[in-house]
Amino acid sequence: ATDLLELLAKHRALLPSTSPGVVHSFDGSLEDAQRFIEMGFDIGINGCSLKTAQNLEVIQKLPRDRILLETDAPWCAIKPTHAGHGHVRSTWN
């Protein structure tokens, strides 16, 4: 996340002033998420973002209005081995 934060900060003036984008498939630390949010970015979460108990702790502390739910099906599905598996229900028709 450090490299991405540095690049975005360096080129921030080239991006829209409000809602510059979404950090896709986020699985980093709370501190990293807060830095992205401070720069105006939303945080995208999917199955890859819900793998560990630490991931769940971070996501619970994020402002709900800054989270974007991503499906990324079938590549980042929530698997039975993921910590978030018991918290998400998916229905496929």
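Here the structure is shown first, and the text comes after it.
Anyway, here's the lowdown on the structure attached to this text. Given the structure is predicted, the values throughout are model-derived calculations rather than measurements.

What follows concerns the sheet that holds strand S3 (residues 67-69). A sheet is described by the order of its strands in space; here 3 strands give the open sequence S1-S2-S3, paired in parallel fashion. A strand with exactly one partner marks an edge of an open sheet, and here the two such strands are strand S1 (22-23) and S3.

With that settled, the discussion passes to unusual backbone geometry. Despite not being glycine, Ser19 has its phi angle at roughly 50°, a positive value. Within the secondary structure, Ser19 is located in the loop between helix H1 (2-10) and S1. Take Ser19: its relative accessible area is 58%, and that puts it in the exposed class. Phi at Ser25 takes a positive value of approximately 55°, unusual for a residue other than glycine. Taking the relative accessible area as the measure of exposure, Ser25 reaches 19% and is therefore buried.

What follows concerns the pattern of salt bridges. By the definition in use, this model includes 1 salt bridge. Between Arg66 and Asp42 there is a salt bridge, with its nearest N and O atoms 2.7 Å apart. With Arg66 in the loop between helix H3 (53-60) and S3 and Asp42 in strand S2 (residues 42-45), the pair connects residues that are 24 residues apart, well separated along the chain. Arg66 sits in the buried class, given a relative accessible area of 18%.

Tallying each qualifying case throughout the model produces 1 aromatic pair. Between Phe26 and Phe36, the aromatic rings sit 6.3 Å apart at their centres with planes inclined by 85°, giving edge-to-face as the arrangement. One end of the pair, Phe26, is in the loop between S1 and helix H2 (30-38); the other, Phe36, is in helix H2, and 10 residues separate them in sequence. The two residues Phe26 and Phe36 agree in class, both being buried.

Residues of H3 that are buried: Asn55, Leu56, Val58 and Ile59. Relative to the axis of H3, the buried residues are bounded by an arc of 160° and lie together on one face. Among the exposed residues of H3, those oriented more than 90 degrees off its buried face are Gln54 and Gln60.

So, about the environment of Leu15. Along the chain, Leu15 falls in the loop between H1 and S1. The class of Leu15 is partly exposed, set by a relative accessible area of 29%. Along the primary structure Leu15 and Pro74 are separated by 59 residues, whereas in three dimensions their C-alpha atoms are 30 Å apart. In this structure, Leu15 is in contact with Leu8, Pro20 and Phe41, ignoring residues within four places of it in sequence.

Thresholds applied
- Residue positions are given per chain, counting from 1 as you read along its sequence in written order.
- Totals for whole chains, interfaces and linings use every residue, but because this is a predicted model, local features are given only for residues with pLDDT of at least 70 and side-chain atom pairs only at 80 or more, for both listing and counting.
- Excluded from the side-chain calculation are hydrogens and water; included are all heavy atoms of the structure.
- In this description, strands pair whenever DSSP reports at least two bridges between them.
- A helix here means a DSSP run of H or I that spans at least four residues, while a strand means a run of E at least two residues long, and both kinds are numbered starting from the N terminus.
- Any residue under 20% of the maximum accessible area for its type is buried, any over 50% is exposed, and the rest in between are partly exposed; the area is computed with a 1.4 Å probe on protein chains only.
- Each reported salt bridge corresponds to a side-chain nitrogen of Lys or Arg within 4 Å of a carboxyl oxygen of Asp or Glu.
- Note on aromatic contacts: the rings of Phe and Tyr and the six-membered ring of Trp form a pair at centre separations within 6.5 Å, being stacked when their planes are under 30 degrees apart, edge-to-face when over 60 apart, and tilted otherwise.
- When we speak of the arc, we mean the arc of directions from the helix axis to the C-beta atoms.
- Contacts: residue pairs with any heavy atoms within 4.5 Å of one another.

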